[in-house]
Amino acid sequence: MVGTESIVITDLRNPTVSNHKSAKEKSLAVCGKNVCYTYGSPTKSISAVKNVSINIPEGIIYGLLGPSGCGKTTLLRCLLGRLSPQSGSVWIFGSRPGSSESLIPGPGVGYMPQELALFMAFTARETINYFGQLYGLSKQEREARVHFLLKFLDLKAPDRRVQDLSGGQRRRVSLAAALVHRPPLLILDEPTVGVDPLLRESIWSHLNELAKKDGMTVIITTHYIEEARQADMVGLMRESNLLVEEKPEILMKVHRKDTLEDVFLKICHDHLISNRTKEDDVVLPICSPKKSNSTNDIQKSNHMNHISLPSNKKQKFNDSIQKIWALTEKMAIRLRRNIPILLFQLVLPTIQIILFCICIGQEPKNLPLSVYSQDYAGTNYSQKFLETLNPDYIKLNYFDSEKDAIDAVIDGQTHGALIFSRNYSAQLENRFDLFELMSENKDKILRESTVQFYADGTEFPIQIAIFTQLIQAGQKYIMQLVNQSFPYMAAAIAEPLLKPVDPPIYGELEPSYRDFMAPGLILGVSHILAVGLTALCFVMDRKEGLLERTFVAGVHAYQILFAHIIIQFTIILIQTILLLLTIFVLFQITLKGSIIAVTILTLLQGIAGMSFGFLISSLCYEEQSAVLLSVAIFYPNLIMSGTIWPLEAMPDIMRDLSYLMPQTLAIKSLRYIITRGWSFLRFEVYIGFITTSVWIIIFNVLSVVIFAIKK
């Protein structure tokens with residue numbers, strides 16, 4: 001192995017065979033000692049990297065070889081600072097990855113992941129420019145690098161979208177994104193997988209040119225062992241262990257094999273037979289974390305003179321703003337490239353509000369009722385009662401028998417049956433006779449002068465509407481009878497039947513269910529659609545490798561969140577304006593309070609939904625789990641927030657729990673603003689604004705923390 005003193009290669013059959021060469025010719029770019037990383041729980045753990053020590057001099061191509069699943073990618077993630085070794089140490093150019101003085105993650109490394117990890121809606125030119133922005137290049141530098149890389153990598157269609165490029169061209173674009181800032185360290189994870197032999201040869205040619213002419217250190221992983229003969233040094237991994245590292249020609253000479261693949265097979269076979277640990281087989285070098293003062297370190301610094309960490313708060317702030325702006329532009333480009341989806345997102349809340357206002361909250365009309373009456377004699381009070389029913393709401397269907405009228409309800413043809421007795425009119429007149437009511441026929445009189453109503457009690461809102469119509473008709477009918485037969489008593493009887501004082505203190509005398517639901521629906525639509533806008537954003541990027549590549553470029557989770565907030569807030573703002581215009585202008589929903597307060601609270605709920613979407617996206621790795629979690633949260637929130645039913649109707653425990661939901665207090669606040677005209681200064685109003693803001697902070701902080709934990 002390459003150490004600070006010597007290279008020692010151990011032949012498992014002849015331990016005395018070794019090759020000695022001064023390692024001081026080149027200083028170390030990468031130094032890892034006894035690196036270990038394990039996935040899973042302590043009871044069910046999987047060792048991805050076992051006690052690996054790796055030493056890579058500057059300005060060489062290092063081929064990390066091994067089959068899929070042997071731990072190559074995990075080791076690279078430790079070098080990139082995306083994973084922290086559970087034991088052992090890693091040093092890149094004398095600094096620990098992820099430390100404050102390190103350029104990794106960040107401009108100190110160029111990373112090409114095994115996945116393509118490109119934005120398919122971007123052109124090749126836009127892709128290179130975007131990553132140049134992330135790495136902090138100025139506009140002039142980006143333009144120069146874009147021009148150079150397009151020519152260098154023979155990308156002849158720079159303005160064609162990545163999705164329209166061939167597989168080989170996409171690979172070149174991905175490599176260009178890693179090279180745009182001329183990093184001192186280039187890490188390529190399986191760059192030649194699935195590409196044709198000519199392109200594979202071209203990639204290796206480019207890498208050799210970068211190492212020899214630019215002094216770049218290149219680490220390339222592959223399971224195509226023979227192609228690694230073009231590397232200056234190779235490391236052979238198997239089952240999470242680094243078995244050996246040395247120049248390919250020396251390995252073939254020491255082990256007396258004609259191909260590197262035969263060497264790898266022999267080393268693996270001998271390693272299994274010997275059943276010894278890596279420490280028994282290989283002399284590990286001593287790796288110093290301190291920077292040396294050698295000539296090569298000075299050369300390395302000259303090579304990196306175009307890359308530096310921000311030295312003060314202003315530079316750090318400007319660097320952060322540039323990254324946020326790059327991310328924002330990226331999202332804006334993706335939206336512009338899919339105008340139909342963007343338009344659908346903008347008008348979807350309006351469409352839902354229109355459907356609600358048209359279909360919900362209106363009084364049910366043309367409700368069929370069965371009628372059977374044998375009351376044909378005398379004054380026919382039954383017919384007079386039926387005439388008082390509003391024909392717009394109640395549709396009467398007459399039947400020849402009581403059984404047929406009731407069977408119509410059983411068969412679902414009508415919503416209820418009105419049955420009048422044969423003596424209804426006569427017995428109703430007896431009701432007005434005080435002496436008759438005091439007679440022994442009192443029960444018979446009351447029974448035969450009462451309308452029998454057989455209801456279908458399965459459709460609650462319809463039954464409420466029918467009962468309301470029957471009660472209103474009954475009141476009107478009684479007043480007609482009293483005024484006709486006993487005009488001197490009309491005033492005395494009418495007084496208890498008067499409606500409440502008009503106008504009421506708040507609202508209308510005949511409140512609309514639509515008015516009751518409107519505040520909850522406004523905030524509910526704004527909230528849930530905002531969840532949908534962001535719940536999949538990180539899931540898709542993570543699945544395609546884009547999120548990992550973005551983090552390796554030195555981007556922080558809060559910067560991604562800020563960029564999403566800028567774009568999604570713009571969308572939510574347009575959605576809110578269209579939504580409120582529709583509900584208050586087009587459909588004339590009553591608004592007693594400030595439209596500014598309504599707008600601000602609606603926007604806050606949209607941001608809360610967006611922030612909750614970030615949280616879901618940070619938790620989930622698959623689209624299905626993200627969608628299921630969104631739905632699982634949506635329905636309890638809808639049911640318990642007081643949108644469709646009053647909180648006062650809930651059991652005490654559920655009502656107390658409902659106040660922990662993100663929308664409950666906000667909906668009450670909005671309802672007070674809309675229906676009562678209360679100002680922001682009242683506690684019942686501003687508490688909704690405060691709780692919504694608190695939820696926004698909680699969701700975003702949790703998202704950033706989860707990203708940090710799950711990196």
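Undergrad: How would you explain the overall build of the protein if you had to name every residue and give the values?
TA: Within the protein, the secondary structure is distributed over 27 helices and 13 strands. Relative to its full complement of 711 residues, the protein shows a buried share of 49%. For the protein, the share of sequence-separated contacts (at least 6 apart) that also reach a separation of at least 24 residues comes to 75%. Roughly 34700 Å² of accessible area belongs to the protein as shown, and the carbon and sulfur atoms make up 59% of that amount.

Undergrad: Lay out the sheet that holds strand β2 (residues 45–57) in plain terms, naming residues and giving numbers.
TA: Strand order in the open sheet made by the three strands is β2-β1-β4, with antiparallel pairing throughout. Edge positions in the sheet fall to β2 and β4 (87–92), since each has one partner strand and no second. Averaged over all pairs of adjacent strands, the angle between their axes in this sheet comes to 20°, without regard to strand direction. Both strand β1 (residues 28–40) and β4 contribute to a ladder of five bridges, which runs antiparallel.

Undergrad: Which residues make up helix α22 (residues 557–586), and what values do they have?
TA: Helix length check: α22, at 30 residues, gives a terminal C-alpha distance of 41 Å against a target of 44 Å (1.5 Å per residue), a fit within 8%. Once α22 finishes, glutamine 588 follows within two positions and takes phi at roughly 55°, a positive value.

Undergrad: Mind laying out the sheet that holds strand β3 (residues 61–65), listing which residues take part and the relevant values?
TA: Pairing in this open sheet of six strands is mixed, and the strands run β5-β6-β7-β3-β8-β9 from one edge to the other. Of all the strands in the sheet, just β5 (109–112) and β9 (241–246) have a single pairing partner and so form its edges. Each strand axis lies, on average, 15° off the axis of its neighbour in the sheet, ignoring direction. Sheet topology note: the β3/strand β8 (residues 233–238) ladder contains four bridges and is parallel. Bridging across to β8, glycine 63 finds its partner in valine 234. Strand contacts of helix α1 (residues 72–79): β3, β6 (185–189), β7 (217–222) and β8, with the helix running at about 155° to β7, the strand carrying the most contacts. Strands in contact with helix α6 (residues 248–255) are β8 and β9; relative to β9, the strand with the most contacts, it is inclined by about 100°.

Undergrad: How would you summarise the packing of aromatic side chains if you had to cite specific residues and measurements?
TA: Enumeration according to the criterion identifies 24 aromatic pairs in this entry. Seen from their ring centres, phenylalanine 122 and tyrosine 130 are 6.0 Å apart, and the 85° between their planes marks the pair as edge-to-face. The exposure class of phenylalanine 122 is buried, given its relative accessible area of 1%. With 5.9 Å between their ring centres and 65° between their planes, phenylalanine 551 and phenylalanine 707 make a pair best called edge-to-face. Note that phenylalanine 551 is positioned in helix α21 (residues 546–552) and phenylalanine 707 in helix α27 (residues 683–709), a separation of 156 residues in sequence. Here the two residues phenylalanine 551 and phenylalanine 707 agree in accessibility, since each one is buried. Among the aromatic residues, those joined into a ring-pair cluster are Phe119, Phe122, Tyr130 and Phe131. Sitting over the ring of phenylalanine 131, arginine 549 keeps its end group 5.1 Å from the ring centre.

Undergrad: Kindly report on the packing of helix α10 (residues 313–336) against α22, identifying the contributing residues and their values.
TA: Think of two packed helices as two axes; the pair is described by the angle between the axes and how far apart they sit. At a minimum axis separation of 8 Å, α10 and α22 run at an interaxial angle of 45°. Accordingly, the angle class assigned to the pair α10 and α22 is oblique. Both α10 and α22 take part in a crossing whose hand is right-handed. On α22, the residues touching Ser320, Lys323, Ile324, Leu327, Thr328, Met331, Ala332 and Leu335 of α10 are Tyr558, Gln559, Ile560, Phe562, Ala563, His564, Ile566, Ile567 and Ile571. Its residues placed into classes, the contact of α10 with α22 shows twelve nonpolar, four polar and one charged.

Undergrad: Describe the nonpolar core, and please don't skip the residues or the numbers.
TA: In this structure, Leu186, Leu207 and Ile522 are the most contacted members of the largest nonpolar core, which totals 116 residues. Examining the composition of this core, we find that eleven residues originate from one element, α22, more than from any other. Those residues in contact with leucine 186, other than ones at most four positions away along the chain, are Gly110, Ala178, Leu179, Leu207, Leu210, Met216, Thr217, Val218 and Ile219. Core analysis: the next-biggest nonpolar cluster, separate from the first, contains 32 residues, Ile54, Ile56, Ile92 and Ile104 among them.

Undergrad: Now, about a nonpolar patch on the surface: what can you tell me, with residues and values included?
TA: A cluster of nonpolar side chains, Ile360, Phe460, Ile464, Tyr513, Val627, Val631, Tyr635, Ile639, Ile644 and Trp645, forms an exposed patch at the surface whose accessible area comes to about 910 Å². Among the secondary structure elements, those contributing two or more residues to the nonpolar patch are α17 (460–485) and α24 (623–640). Broken down by element, the nonpolar patch gets its largest block of residues, four residues, from α24. A relative accessible area of 36% places tyrosine 513 in the partly exposed class.

Undergrad: Residues and numbers for the environment of glutamate 684, please.
TA: Here glutamate 684 is to be found in helix α27. Expressed as a C-alpha distance, the spacing of glutamate 684 and isoleucine 673, which sit eleven residues apart in the sequence, is 9.7 Å. In this view, glutamate 684 contacts Ser669, Tyr672 and Trp678; residues no more than four positions away in its chain are not counted.

Undergrad: Summarise the confidence of the model for the protein; cite the residues concerned and give the values.
TA: This prediction gives the protein a mean pLDDT of 83; 87% of its residues lie at or above 70. Across the protein, the element-wise mean pLDDT spans from 41 in helix α9 (residues 295–303) up to 95 in helix α2 (residues 124–134). Throughout residues 276–303 the model reports pLDDT below 50, and contacts reaching past four residues in sequence, or to other chains, amount to 53 contacts.

Undergrad: Which residues make up the state of the cysteines, and what are the values?
TA: Working definition: the covalent bond between the sulfur atoms of two cysteines is a disulfide. Tallied over the entire structure, the rule returns zero disulfides. We note that cysteine 70 lacks a disulfide partner, and the nearest cysteine sulfur, in cysteine 268, lies 9.5 Å from it. Not engaged in a disulfide, the cysteine cysteine 78 finds its nearest cysteine sulfur in cysteine 36; these two sulfurs lie 9.6 Å apart. Cysteine 78 sits in the buried class, given a relative accessible area of 2%.

Undergrad: Can you lay out the side chain of serine 669 for me, pointing to particular residues and giving the numbers?
TA: Mapped onto the fold, serine 669 is located in helix α26 (residues 664–676). For serine 669, a relative accessible area of 0% corresponds to the buried category. At a separation of 3.2 Å, a polar atom in the side chain of serine 669 contacts the main-chain amide nitrogen of glycine 688. Those residues in contact with serine 669 that lie beyond four places of it in its chain are Leu601, Glu684, Val685, Ile687 and Gly688.

Thresholds applied
Residues numbered from 1 in each chain as written. Predicted model: local features only at pLDDT ≥ 70, side-chain atom pairs only at ≥ 80, totals over all residues. Heavy atoms only, no water. Helix = DSSP H or I, 4+ residues; strand = E, 2+ residues; numbered from the N terminus. Buried < 20%, exposed > 50% of the residue type's maximum accessible area, 1.4 Å probe, protein only. Contact = heavy atoms within 4.5 Å. Areas by Shrake-Rupley, 256 points an atom, 1.4 Å probe, with all protein chains shown as cover. Pairing = 2+ DSSP bridges. Axes fitted to C-alpha atoms, helices over the stretch in contact; angles between N-to-C directions. Expected span 1.5 Å × (residues − 1). Phe/Tyr/Trp six-rings, centres within 6.5 Å; stacked < 30°, edge-to-face > 60°. Lys NZ or Arg CZ within 6 Å of the ring centre and 35° of its normal. Parallel < 35°, antiparallel > 145°, perpendicular 65-115°, else oblique. Left-handed = near helix turned anticlockwise from the far one by under 90°. Nonpolar A, V, L, I, M, F, W, Y, C, P; charged D, E, K, R; others polar. Core = buried A, V, L, I, M, F, W, Y, C linked by side-chain atoms within 4.5 Å. Patch = residues over 30% accessible without salt bridge, like charges linked within 9 Å, V, L, I, M, F, W, Y side chains within 5 Å. Salt bridge = Lys/Arg side-chain N within 4 Å of Asp/Glu carboxyl O. pLDDT = per-residue confidence, 0-100. Disulfide = S-S within 2.5 Å. Polar contact = N/O pair within 3.5 Å; in protein donor to acceptor, adjacent residues only side chain to side chain.

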